[in-house]
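For reference, the chains in residue letters:
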Amino acid sequence: MSDFIGLVWAGIVSGSLYAMGAIGIVLIYKSSNVVNFAHGNLAGFAAFLVFGFTAGTFASMPWFAAVLLTLAIMVAVMALSYLLIAPLVFKSDLTSTIASLGIGLVVQGVTQLLFGSNVVSMDLPLPAWRADIGLLQVSAYDLAVLGVTVLSIGLLYLLIERTRIGIAFRAVSANPFASRVCGLNLRGVHVFSWVVAGLLGLVASLLIVPTTFLSSTSVSSFMLQSFAAAVVGGFASLPGAVVGGIFIGVLMNLLSFYVAAEFNNTYLLITMLLVLNAFPKGVLAIRGGARV
């Protein structure tokens, strides 16, 4: 029983990271109808920038200063990434989605050019605190992940619900044609969603790396679970991305422990196929209002 509870708890923690990645994917899809396959590569590049600014590759800056500088850089990188495919967005959803694959490959190549193909490690500035609470073993890392996830989702909610750009985002997501007729700047909303997705990707990647390692492909591989979370929750549902992330995190943990860890990608594929057959628009998609 203790193993099961521990696995569920660990799944919730990892699922929170999947959820942040999935929210970025859903944000871009809702605004521009593009499935951004470059999301994982961009998040990995962001993590490498923080590593480069703290480990001496570019500078030896304090961790928080490096994160702030990387946030600023990623705003420009995400805006440029969108601008590269912007001419395609209004012509073909499929073409622009395929173009995002090209952006991902370019970003992966730039990452390898700047940082090489070596595997590196990067820790968070967290205390080595750990405590047993009933049958659970809780660490400072667990609380940091859950706290940052709740804070990020809360800030995103306020941004979308309480600001002008958030209202514009909701309008464009609901009806792009009517929004354009009303004078809304669709490209501006698209850039907003790409930038916010990139910042969420940076936060998720920084929290992912301490549990594994950092390479030019490690974060993008991890983001496969985020893609599965978006499929489960529905590409048109931000709450669905959160639910899907937690579900995928718990499910993968249980299957890895009780069945076999080497078939994780197979589990993801089977899960997506089952969900798409039962809920083609995702488990939380609004009837008639989602696009998959």
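It should be noted that the structure appears before, not after, this text.
Residues numbered from 1 in each chain as written. Predicted model: local features only at pLDDT ≥ 70, side-chain atom pairs only at ≥ 80, totals over all residues. Heavy atoms only, no water.

This paragraph deals with the pairing of strand S1 (residues 130-133). Two elements, S1 and strand S2 (residues 136-139), share 4 bridges in a ladder whose sense is antiparallel. Its bridge partner being in S2, Arg130 is matched across the sheet by Ser139. Between the antiparallel neighbours S1 and S2 lie 2 residues, among them Gly134 with a positive phi of about 65°. (Pairing = 2+ DSSP bridges. Helix = DSSP H or I, 4+ residues; strand = E, 2+ residues; numbered from the N terminus.)

A cluster of nonpolar residues, Phe4, Phe257, Tyr258 and Val259, forms a patch on the protein surface that exposes about 420 Å² of accessible area. As for its position among the elements, Phe4 is in helix H1 (residues 2-32). (Patch = residues over 30% accessible without salt bridge, like charges linked within 9 Å, V, L, I, M, F, W, Y side chains within 5 Å. Areas by Shrake-Rupley, 256 points an atom, 1.4 Å probe, with all protein chains shown as cover. Salt bridge = Lys/Arg side-chain N within 4 Å of Asp/Glu carboxyl O.)

Moving on to helix H4 (residues 93-115). Compared with the 33 Å implied by 1.5 Å per residue over 23 residues, the 33 Å span of H4 between its first and last C-alpha is a close match. For H4, the complete set of buried residues consists of Ser96, Thr97, Ala99, Ser100, Ile103, Gly104, Val107, Thr111 and Phe115. Looking at the buried positions of H4, the neighbouring elements they touch are helix H2 (39-54) and helix H3 (63-89). Two to three positions downstream of the cap, the backbone nitrogen of Leu94 sits 3.4 Å from a side-chain oxygen, assigning the N-cap of H4 to Ser92. With its phi angle positive at about 80°, Gly116 sits one or two positions after the end of H4. (Expected span 1.5 Å × (residues − 1). Buried < 20%, exposed > 50% of the residue type's maximum accessible area, 1.4 Å probe, protein only. Contact = heavy atoms within 4.5 Å. Polar contact = N/O pair within 3.5 Å; in protein donor to acceptor, adjacent residues only side chain to side chain.)

Applying the stated criterion to the full structure yields 12 aromatic pairs. The interplanar angle of 65° and the centroid separation of 6.0 Å between the aromatic rings of Phe169 and Phe192 together place this pair among those described as edge-to-face. Remark: Phe192 occurs in helix H8 (residues 186-208) and Phe169 occurs in helix H6 (residues 164-174); sequence separation between them is 23 residues. Taking the centre distance of 5.7 Å and the plane angle of 65° together, the rings of Phe227 and Phe235 count as edge-to-face. (Phe/Tyr/Trp six-rings, centres within 6.5 Å; stacked < 30°, edge-to-face > 60°.)

Take the packing of H2 against H8 next. At a minimum axis distance of 8 Å, the contact between H2 and H8 shows a crossing angle of 60°. In terms of axis orientation, H2 runs oblique to H8. The interaxial crossing formed by H2 with H8 has right-handed handedness. Listed contacts from H8 to His39, Ala43, Ala46, Ala47 and Val50 of H2 are Ala197, Gly201, Leu202, Ser205 and Leu206. Partitioning the contact of H2 with H8 into residue classes produces 7 nonpolar, 3 polar and no charged. (Axes fitted to C-alpha atoms, helices over the stretch in contact; angles between N-to-C directions. Parallel < 35°, antiparallel > 145°, perpendicular 65-115°, else oblique. Left-handed = near helix turned anticlockwise from the far one by under 90°. Nonpolar A, V, L, I, M, F, W, Y, C, P; charged D, E, K, R; others polar.)

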